[in-house]
Amino acid sequence: MAETSNWHFETEQYKITGANDPLHETFRAKPFYSIVRESIQNSMDAVLNENEPVKVKFETITINQRDFPRLFKLRNHIESCLELHKGDSQAEQLYGNMLEYLDSNQKITMLKVADFNTRGMEYDSEKINSDFISFVRGEGKSAKAAGSGGSFGFGKGAYYVLSKIRTLIVSTMTENDQVYFEGKTRLASHRIKGVQYGKDGFYNKDGMDPVDDLADIPLIFRRNERGTDIYILGLTDDKNSGEHMIRSVLNNFWFAVNQNLLNVEIDTKDIQEFINRDNLDRVMNEYYPDDKETGSVNDIFDWNPKPYYKAVKHAGEADHFMLFEKTLPILKDVKLFIYRNEGLKNRTAYLRRPAMIVQKKTDNMISGYVAVFVCNNKEGNDILRNMENAAHNEWRTEHNRDDDQEMRKKVYLAYKEFNDFIRDTLRSLSSLDDSSRIAIAGLTDYLSIPEDLMEKEEINEGSQDSLAHGALSNEKIEGETGSLTTEQKNNISIKPTVIKPGEAQIIKKIDLKTEGENDFLGGGETREDGGGTRDDNNKSKDPVSGGQSENGELRKTIIPIKYRVAAIMEEGRFVII
């Protein structure tokens, strides 16, 4: 069919915009992983029938440039960007690569992101917060309701970063069966025939509104049922794209899939997979065969969802799969699922509506566990949303953007109450641990620093209160109480060594090993030359073998042990434990 749309750019006179696009740069690290997280979150925020799962499909398709001559007149604007910004190495590389791609590929690959059982995107030219305007035309803004998963409007950058020509096409059908269609590109300031244009271009009929007549929408882009299709033109190449997308589904939305809130289909050139509650076990075992989790809590690309999924799926089936439920004063109904097993990373995953994992945190109050904290009621969800950052991967009180003092107070109290609930639950489990462990009360006030806080201090070098650099601080880090447990091989009593501040004693010569541990030869006597016991010829014997003294008395066997040193302040003195 003949095209009815053209590219339209606003004219500008005094402003020059370059090639650097911060919206684009935000998601460069793992673009296929990011597009899954951002797009599914958008779809889950727009569910139409809450009794049915939302379905999101990621599909690669192609179109021919010859079939859409007006659409691909975009190259004229790209050439103009290259000309105006000549001498700018970043612009020359970016727009040069765009032109090379268009010259080399008559067939253009697109990633189609389609959702079903969603409300679509409403458009109202009089309402700048309508869904379609916010997504296609808005900058740094969102039309999402208070309880939505995303609210900053930055997530759309995940779509543009995958496009070699920074161009999208959006086609939607609303609850009222109204259709809207429009293309959007993000380039730079450029000049054509003496007229200077801005960076944003829109592919529609009149340069003002999206196409709203089904007959004027090309067949390949027509939406025939409620929901939204987003096409990413000139899809970036990545041979592992399908795997990254599946891992993102499993890491970020396993809970939604397990609760039958979400189905996901991935149909790319390298992978075809459908993920729903019925086959979640199979897919999870294929991509995550064990419970081991590497990397830090802040490196989402190294997360392993499997132990957390098991914590929820098997809750109550055995003693090491537990479920704790409580109604909190501010957040109302919450749940905490805990899975205990040796070797687990002592981490808690946190989530709210729309059932996406927001963050993970480490707490070493007890060892060998993972936990899942869930707040799925509307009132609690709205409060948690107010403590979420722009990337939707952290809850902290300083992220609160509400000026209402009552809400600010609620956010502060809610943050404290869910942390207290989690730590009180863990503390109750520590008392049930094997009696062959020693509990040193209060020691974790000094040693149990949450992993995410440690990493932040390491990143902020030179920080006045940086723990990583040994500076002193009187501030007590929230969530650092409890007891440290350690294996006890024999019945022993621990007698602390007391040293006044400023004093120092050399007790033994030790060799510092990795991970802060020390090797020490315990038992028997040691000599200044480092030897162990001596034989009749005054030759050193193996220091771990023991032996006899000159009068025939048996010496103790010397064995290597590993230990850590800790100190606490009591009555003006350091007590080394």
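Residues numbered from 1 in each chain as written. Predicted model: local features only at pLDDT ≥ 70, side-chain atom pairs only at ≥ 80, totals over all residues. Heavy atoms only, no water.

1. A few points about the overall build of the chain
For step 1, the next point in the chain: Within the chain, the regular secondary structure consists of 13 helices and 25 strands.
For step 2, the next point in the chain: The burial tally for the chain puts 49% of its 577 residues in the buried class.
For step 3, the next point in the chain: In the chain, once contacts between residues fewer than 6 apart in sequence are set aside, the share between residues at least 24 apart is 69%.
For step 4, the next point in the chain: A total accessible area of about 29,700 Å² is found for the chain, and carbon and sulfur atoms account for 46% of it. (Helix = DSSP H or I, 4+ residues; strand = E, 2+ residues; numbered from the N terminus. Buried < 20%, exposed > 50% of the residue type's maximum accessible area, 1.4 Å probe, protein only. Contact = heavy atoms within 4.5 Å. Areas by Shrake-Rupley, 256 points an atom, 1.4 Å probe, with all protein chains shown as cover.)

2. Some points on the sheet that holds strand E13 (residues 347-352)
Each strand in a sheet pairs with its neighbour through backbone hydrogen bonds, running either in the same direction (parallel) or in the opposite one (antiparallel).
For step 1, the next point in the chain: What the five strands build is an open sheet, ordered E11-E12-E15-E13-E14; its pairing is mixed. Across the chains shown, the open sheet's two edge strands, defined by having one partner strand only, are strand E11 (321-328) and strand E14 (356-362). On average, each strand axis in the sheet is inclined to that of its neighbour by 20°, with strand direction left out of account.
For step 2, the next point in the chain: In this structure, E13 lies alongside E14, joined through six bridges in antiparallel fashion. Considered in E14, the bridge of Ala 349 is made with Lys 360.
For step 3, the next point in the chain: On the sheet, helix H7 (residues 241-258) packs against E13, E14 and strand E15 (369-375) and is oriented at approximately 115° with respect to E14. (Pairing = 2+ DSSP bridges. Axes fitted to C-alpha atoms, helices over the stretch in contact; angles between N-to-C directions.)

3. Things to note about the confidence of the model for the chain
For step 1, the next point in the chain: Per-residue confidence for the chain gives a mean pLDDT of 79, with 71% of residues at or over 70.
For step 2, the next point in the chain: Mean pLDDT across the elements of the chain bottoms out in strand E17 (residues 483-487) (33) and peaks in helix H9 (residues 306-313) (98).
For step 3, the next point in the chain: In this model residues 141-153 is a low-confidence stretch, pLDDT under 50, and it forms 52 contacts with partners more than four residues away in sequence or in other chains.
For step 4, the next point in the chain: Confidence drops under pLDDT 50 across residues 454-536; counting only partners more than four residues distant or on other chains, this segment forms 149 contacts. (pLDDT = per-residue confidence, 0-100.)

4. A closer look at the environment of Gly 234
For step 1, the next point in the chain: Tracing the sequence through the fold places Gly 234 in strand E8 (residues 227-235).
For step 2, the next point in the chain: For the pair Gly 234 and Tyr 101, spaced 133 residues apart in sequence, the C-alpha separation works out to 8.1 Å.

5. Observations concerning the side chain of Ser 248
For step 1, the next point in the chain: Examined against the element boundaries, Ser 248 turns out to sit in helix H7.
For step 2, the next point in the chain: Beyond its immediate stretch of four places on either side in the chain, Ser 248 contacts Tyr 33, Val 36, Arg 37 and Phe 253.

6. Description of the nonpolar core
As a rule of thumb, soluble globular proteins bury nonpolar side chains together.
For step 1, the next point in the chain: Core analysis: the largest hydrophobic core is formed by 67 residues, its most contacted members being Ile 40, Phe 58, Trp 254, Leu 262 and Val 372.
For step 2, the next point in the chain: Per-element tally for this core: the top contributor is H7, with nine residues.
For step 3, the next point in the chain: Excluding its chain neighbours within four sequence positions, the residues that come into contact with Ile 40 are Ile 35, Val 56, Phe 58, Val 249, Phe 253, Leu 262 and Val 264.
For step 4, the next point in the chain: Ranked by size, the runner-up nonpolar core spans 34 residues in total, among them Leu 71, Leu 94, Phe 221 and Tyr 231. (Core = buried A, V, L, I, M, F, W, Y, C linked by side-chain atoms within 4.5 Å.)

7. Section: the side chain of Asp 115
For step 1, the next point in the chain: Inspection of the secondary structure assignment puts Asp 115 in strand E3 (residues 107-116).
For step 2, the next point in the chain: Of the side chains bearing the opposite charge, Arg 223 lies closest to the buried Asp 115, which forms no salt bridge; the N-O distance is 4.6 Å.
For step 3, the next point in the chain: Side-chain polar atoms of Asp 115 contact the backbone nitrogen of Thr 228, separated by 2.9 Å.
For step 4, the next point in the chain: Ignoring any residue separated from it by four or fewer positions in sequence, one finds Asp 115 in contact with Ser 43, Lys 55, Val 56, Arg 223, Arg 226, Gly 227 and Thr 228. (Lys, Arg positive; Asp, Glu negative; His and termini not counted. Salt bridge = Lys/Arg side-chain N within 4 Å of Asp/Glu carboxyl O. Polar contact = N/O pair within 3.5 Å; in protein donor to acceptor, adjacent residues only side chain to side chain.)

8. Section: the pairing of strand E12 (residues 332-340)
For step 1, the next point in the chain: Taken together, the eight bridges between E11 and E12 define a ladder with antiparallel strand orientation. If you follow Leu 328 over to E12, its bridge partner there is Lys 332.
For step 2, the next point in the chain: Hairpin geometry of E11 and E12 is characterised by an intervening segment of three residues between the two adjacent antiparallel strands.
For step 3, the next point in the chain: Relative to E15, E12 runs antiparallel, the two being bridged by six bridges. Across the sheet, Leu 336 pairs through a bridge with Phe 373, a residue of E15.

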